[in-house]
Every structure is written in structure tokens, then in C-alpha cells.
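Here's the letter readout for the chains.
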Amino acid sequence: MVMRRDRALHLLSQCRGDEIWSVQHCLEQGIPEDWIERLADAFESGYQTDSQTIYENGKMTNQYHGIRDLDLAIQLASSLGVNTKSLQLEWMDRQTAVQAIKDAILEG
């Protein structure tokens, strides 16, 4: 599904690379249900570093079902015609990857 550019850019502006969006939040934001079905997953916290730990309402949680905002950013880029494979995102941390996607879209 192709999303209107203004809507995709608005959603992309909310992506940071270090968040997991709940399915409910995705629905409220107007993310297509087929995207949600394809991208949603159950994630588990890792407790070795804070960046591996998932928080919900300020409290640590063991598991969380939702969509990583990095995955959403990749999907948004794809719907806008950006070839994310050429960005070599696998070599970047999640926050840098989201910023690279944003830059590629804005440079267009």
C-alpha cells in the first residue's frame, strides 16, 4: 500500500529508532492494518544494558508486542519509493538508521 507523502512524512518524523509502538498506537496513527500484521512482533527485554530494556509507562517490562519504529521507518521509505537496501542500514545502530532514512527521503 502506498501512503500519501504528507502522512508518511508525519509518521516518519515521530520515528526515533529506539521505540516500539503498540499496535493500538499504530492503529490510532492510521498505519494500514496490513502493515501492522506484517511488522508487529513480540519483543523481549535484555537486561545487560539499559538500551536493551523495554519500558512501558516508565516501568521495565519483560515482553512487549508492537512495531519497532525502525521497521516502520523502513516501510514508510519503501512506500515513498526509497531503496533502503542501498543505505546499508544493517551497518548502523537503530537511531542512525532512522536518521539515514529521513535524510534519504528529504534529499529525494
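Cut-off values and rules
- Residues numbered from 1 in each chain as written.
- Predicted model: local features only at pLDDT ≥ 70, side-chain atom pairs only at ≥ 80, totals over all residues.
- Heavy atoms only, no water.
- Helix = DSSP H or I, 4+ residues; strand = E, 2+ residues; numbered from the N terminus.
- Rg over C-alpha atoms; globule rule 2.2 N^0.38 Å.
- Buried < 20%, exposed > 50% of the residue type's maximum accessible area, 1.4 Å probe, protein only.
- Contact = heavy atoms within 4.5 Å.
- Patch = residues over 30% accessible without salt bridge, like charges linked within 9 Å, V, L, I, M, F, W, Y side chains within 5 Å.
- Areas by Shrake-Rupley, 256 points an atom, 1.4 Å probe, with all protein chains shown as cover.
- Salt bridge = Lys/Arg side-chain N within 4 Å of Asp/Glu carboxyl O.

### Let's talk about the overall build of the protein
Part 1 of the reasoning: Secondary structure summary: the protein contains five helices and five strands in total.
Part 2 of the reasoning: Going residue by residue from the N terminus, the α and β elements of the protein occur as α-β-α-α-β-β-β-β-α-α.
Part 3 of the reasoning: Its C-alpha atoms give the protein a radius of gyration of 14 Å, within 12% of the compact-globule value 13 Å for 108 residues.
Part 4 of the reasoning: Dimensions of the protein, computed from the C-alpha atoms along their principal axes, are close to 40 × 30 × 20 Å.
Part 5 of the reasoning: Burial analysis of the protein (108 residues in total) assigns 38% to the buried set.
Part 6 of the reasoning: Long-range contacts, defined as pairs at least 24 residues apart, comprise 59% of the intrachain contacts of the protein with a sequence gap of at least 6.

### Concerning unusual backbone geometry
Part 1 of the reasoning: For Asn57, which is not glycine, the phi dihedral falls at a positive 55 degrees.
Part 2 of the reasoning: With a relative accessible area of 75%, Asn57 lands in the exposed category.

### Side note on a nonpolar patch on the surface
Part 1 of the reasoning: A surface patch of nonpolar side chains, amounting to about 350 Å² of accessible area, comprises Tyr47, Tyr55 and Met60.
Part 2 of the reasoning: Secondary-structure assignment places Tyr47 in the loop between strand E2 (41–44) and strand E3 (54–56).

### Observations regarding the environment of Arg7
Part 1 of the reasoning: Note on placement: Arg7 falls in helix H1 (residues 5–14).
Part 2 of the reasoning: Assessed through its relative accessible area of 25%, Arg7 is described here as partly exposed.
Part 3 of the reasoning: Note: C-alpha distance between Arg7 and Gln29 (22 residues apart in sequence) is 9.5 Å.

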